[in-house]
Structure formats: structure tokens, C-alpha cells
Amino acid sequence: MSIEGHTGLPRLLAGLEPGSEPMTLAAHARIHGPLPRIAPAQLIEEVERSGLRGRGGADFPTARKLRAVAGRRRVGPVIVNGSETEPASAKDRLLLARLPHLVLDGAVLAAGAIGSSEVIVKVGAGSPDLLRALDSAASVREHESVSVQVVTGADGYVSGEESAVVHYLNGGSPLPTFVPPRPFERGFRGRPTLIQNPETLAQLALVARFGSRWYRELGTAADPGSALVTITGAVAAPGVYELAFGTSMGDLLNAAGGPTEPLQALLVGGYFGTWVDALAAGRLRLAREDLRSVGCSLGSGVLIALGESACGLHESARVIAYLAEQSAGQCGPCVFGLRAIADAVGAMADGVAGPRERDRVLRWATEIRGRGACHHPDGAARFVESALRVFEDDIERHRRGRCQARPAGLPLGEGAVRVPGGRLADLRKRGGARVPA
Amino acid sequence: MSAVLRVNPIACEAHGLCVELLPELFRLDDWGYPILDQSEVPPDLVGLARRAVDACPTLALLLDED
């Protein structure tokens, strides 16, 4: 019996039942069919035609990454980077805890495509549920020719960065290293290593089964397929939703139950992302060209709605202080630059700094870009530049002591957005599938 | 033939010799770390760039020549 790909949504989240149990291999095979047999070159070609891009934040074409490793000798393992250190993101947790076989399928297929027989799944610290789900999922697949090993990682925002993951698995500290060489050149134990986000691999597992034509039935020509988006903040039902590329921001918010109050801004792409004022955001779709037009990208797929009752300047000051604290502490421009920026934005939020301080922060933000070993300073710079643009008027308002907003409490710190078992509403009609956070 | 300068930001400890020796390409940020506005080294500065690389106490400066 051959199983066809699902029409419409959900795709990745198809068959996800309420509760907290991981989907069994039998249920997984019933929904998606068995692991397909596909020649390495054919799989890479199909992935290329699908237009699939990495979903960890860097947005890199997956086929190119596969090819970069496939052409090399002594290929190392496929590393599933399930660190998900972005505090507001919950999609990778959801996939790993609830749909481990879909991710493992993708990892095993990717291993076949690059000529590897080894998969390492790296999850963040304090994830016993993920570890359990993955270990038991791996144990029922032991007959496969690809070995699967699950490793718990360390805490910290930058520990999920690609080179930090490889450094950690090689026995070092979970901190980024100076690149190049990048992992695809010299990674795990010095071998060329493919490192992918869990969602990317889950998408790849479906492309391998149902083909690129099916994959492109959803989304736009430039951004085909679906994406997992963690929607949180001032929405009625925060959670992880699977939506088609091309979906309007309004429909995205409606998938999460709609705004709970009038919105002033959206933070697109998480804490390395960009604030967009609500008016401009209303004209955007979930598509790279739209997001680029306002200087942002989907990043790790996080969307945070900020209500009018909250203060964007205050929330941004908290986030930038967090990002400064999360610097690996290795590179001077990141350590000192982010600290100075955080202090200055904090002073603006406290009403004791004005336009001069703002100009200084913008200069620092420009200067620290590209001057860290990883992209931590770049992401933080992007965030703070957008905050000072969108919430510019608030700086003066704070100086006059006229801000009466209440804290919105954007999630900071590990596991700030949880994906518990609990209720799972089927929002297929609205074009989403949801797990409340 | 091109020469490209890179700073290894992990190794750099803001000694500032690169700025002393090659102010044409480097300037300092507010904390004494070098800012390299343009990584391609013009042919007439390659000699000075090599000297700056040799002078860096933490070997944080790299010159890729090919």
C-alpha cells in the first residue's frame, strides 16, 4: 500500500494526538508510510527541487549543505541540533518530544545521502522528556543500518550555535569556535559533518517520501512548503503552529487565537530578530521577500506579539540585557559592546538617557557586527537597532516619566515557553495545528 | 593575487599593535579592539600587513594570501 502525502495542513504535525506521549513508530508509519528507499543523489536532487532551507535560523539551502558534505572523504555523523536555546522558541522541543520518528527519519535519510552511518541527536540541558522520547524511539529502530546516539548539551544561548555544538561534542566547552573551518569541512572528530535543525530534517523526511512537487503544493514559489512557527505574547492561544509560507500575519495571529488586545508591534524571528510596528506587520506575509522588505527574517520561526498596554522599550531593555549576559565571553567586541549597549538601553528605559545615548548605541551596534566568532553580536545588534527604531518615541516619553505600561514579560531563560501535554486543539480549518504553550 | 586579513576575535586581547602598524586598515573601537573596515589588503600594504600579523602578541591576526 502506498501512502500519499497529506493535502493541505498539517503536514509535520499530522496525526499528533492530545497528550504528551511521543508518537509510536507504528502510528508514525501509518500516517506517513515507511521510511522510503531513495538513492543518495536522487534525494539531494529532490531536496534541491523542493527549495527546502534550514529552519534553525540561518535559512541556508539544505541541498547545498548536503552536497557540501556528500562530496568529501571520511564523512562524519549527521548531527541533529536540537539545542533550541532561543527562549521563545518551542518547535524543536515539540518535534523531538512528540514526533521523534519524523526527525529520526530525516536524520537517517540525510545520513544515507551523504554516505554516513551515524546520527547524533544533541538536545539542550534539562530535557529529560526529550531524552526519554528520543532514546526509546532510537531503541525501536536498532535494526537500521544507521546508529543513533542521543546527547544532552549545556545551557546558554550560544551553546546551540553550530560550531559550539561541534566543539562540545568533540569534548570541548559548549562555546563557538573561530570559523572557517566550518563543520562541513572539519567537524565532529575532524571529519566533514552535516549539522541540521530538527525541523529541517522532519521536512526532508516528507520530501523524501512524497517528492518536491508535493512539497511545493503549499507556500509560494520562492518560499515553498510549510513552517513551524512559535507564536507567543499577546495572543489568546500561544503555541507552536504549522502554517504555509505565504500566510498573512493576520492569519498567523488568528491561528494562535488572535490578539488579546490591540497590538503595537511584532517581534519577528526571536531575540536575534526584528521589531516591526503593528501597522507595517499587518501588510506582511510569512515569506522571505516580505520579511526582507522590513529588514527581518523568520529566524528560528518565532513571532512575539506586543500589546499596546506593554512598553516596547522596557521589554527590549530586558531582552538586550539578557543577550549581553548570554555572550560566550570570548570576543571583546561582543562582551564589552553588548554590555555597553544593554546599559545604555536600560538607562533609556529608566528615563535617564536620551537621543545622544541612542546615537551611541546605534554606532556601537554597527561596529560590533561581524566581529564575533559567532553571530551573537550580529543578532543582538539587529534586535537593538529595530527596537530603537520602532520604539523611538518611547525614549522621550520615558525621560518625561510618562510611561505607564505594564510588563509584558517576554520569555527569557531556558524553557521559558513550554510545550506541555495538555490540550491539543485541531485548527486544521484555520490552517494550523496547535500545541498550547 | 589577493590578500585578505582576518581577526580571530577569540584570540584578540586588544593589544592594539595592528592599529599602530597599519592604521590605513585598522581603527580601534571604544574598548581598544580593532575594527577592520575592509578585509582586502591593497597590494601596496601587503608588506605592512605581514608585519602586523607577525607583531600580534596573541597571533590573532591572519593574512590569507593566494
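Residues numbered from 1 in each chain as written. Chains lettered and ligands numbered in written order. Predicted model: local features only at pLDDT ≥ 70, side-chain atom pairs only at ≥ 80, totals over all residues.

### Concerning the domain arrangement of chain A
Residue and element names in this part refer to chain A. When cut into domains, chain A gives domain 1 (25-215), domain 2 (226-309) and domain 3 (312-399). Between the C-alpha centres of domain 1 and domain 2 there is a distance of 26 Å. Counting from both sides, the interface comprises eleven residues of domain 1 and, opposite them, 14 residues of domain 2. When the residues that make up the side of domain 1 that touches domain 2 are grouped by side-chain class, the tally is three nonpolar, three polar and five charged. (Domains from an automatic or database assignment. Contact = placed C-beta atoms within 7 Å. Nonpolar A, V, L, I, M, F, W, Y, C, P; charged D, E, K, R; others polar.)

### Comments concerning unusual backbone geometry
For the peptide bond that leads from A:Leu9 to A:Pro10, omega is -5 degrees, which places it in the cis range. Tracing the backbone through its elements, the reader meets A:Pro10 in the segment before helix H1 (25-32). With an omega dihedral of 5 degrees, the bond running from A:Pro180 to A:Pro181 counts as a cis peptide bond. Structurally, A:Pro181 can be placed in the loop between helix H7 (162-169) and strand E4 (194-196). Of note in the backbone geometry, B:Ala14 takes a positive phi value of approximately 60 degrees without being a glycine. Its 16 C-beta neighbours within 10 Å are what place B:Ala14 among the partly exposed residues. (Helix = DSSP H or I, 4+ residues; strand = E, 2+ residues; numbered from the N terminus. Buried ≥ 20, exposed ≤ 12 C-beta atoms within 10 Å, placed from the backbone.)

### Looking at the sheet that holds strand E2 (residues 118-123) of chain A
All names here are of chain A. The sheet built from four strands is open, its strands ordered E3-E2-E1-E4 with parallel pairing. Unpaired on one side and paired on the other, strand E3 (147-152) and E4 mark the two borders of the sheet. Averaged over all adjacent pairs, the angle separating strand axes in this sheet is 20 degrees, with direction ignored. Pairing between E2 and E3: six bridges, direction parallel. In the strand pairing of E3, Val 123 is matched with Thr 152. Running over the sheet, H7 touches strand E1 (78-82), E2, E3 and E4 and is turned about 115 degrees from E1. (Pairing = 2+ DSSP bridges. Axes fitted to C-alpha atoms, helices over the stretch in contact; angles between N-to-C directions.)

### What to know about helix H6 (residues 128-139) of chain A
Residues and elements named next belong to chain A. Taking 1.5 Å per residue as the helical rise, H6 with its twelve residues ought to reach 16 Å, and the 16 Å between its terminal C-alpha atoms agrees with that figure. All of the buried residues in H6 are Leu 130, Ala 133, Leu 134 and Ala 137. Projected onto a plane normal to the axis of H6, the buried residues spread over an arc of 90 degrees and lie on a single side. Across H6 from its buried face, at more than 90 degrees, point the exposed residues Pro 128 and Ser 139. Check the buried side of H6 and you find it contacts E1, helix H4 (91-98), helix H5 (100-114), E2 and E3. (Expected span 1.5 Å × (residues − 1). Arc of directions from axis to C-beta.)

### A word on the pairing of strand E7 (residues 263-268) of chain A
Residue and element names in this part refer to chain A. E7 sits mainly inside the fold: six of its six residues count as buried. Judged from the five bridges that link them, E7 and strand E9 (residues 302-307) form a sheet pairing that is antiparallel. Within E9, the position partnered with Leu 263 by the bridge is Gly 307. As paired strands, E7 and strand E8 (residues 274-277) are joined by four bridges and run antiparallel to one another. Residue pairing in the sheet places Leu 267 in a bridge with Trp 275 of E8. The turn linking E7 back onto E8 is made up of five residues, and Gly 269 within it adopts a positive phi angle of 95 degrees.

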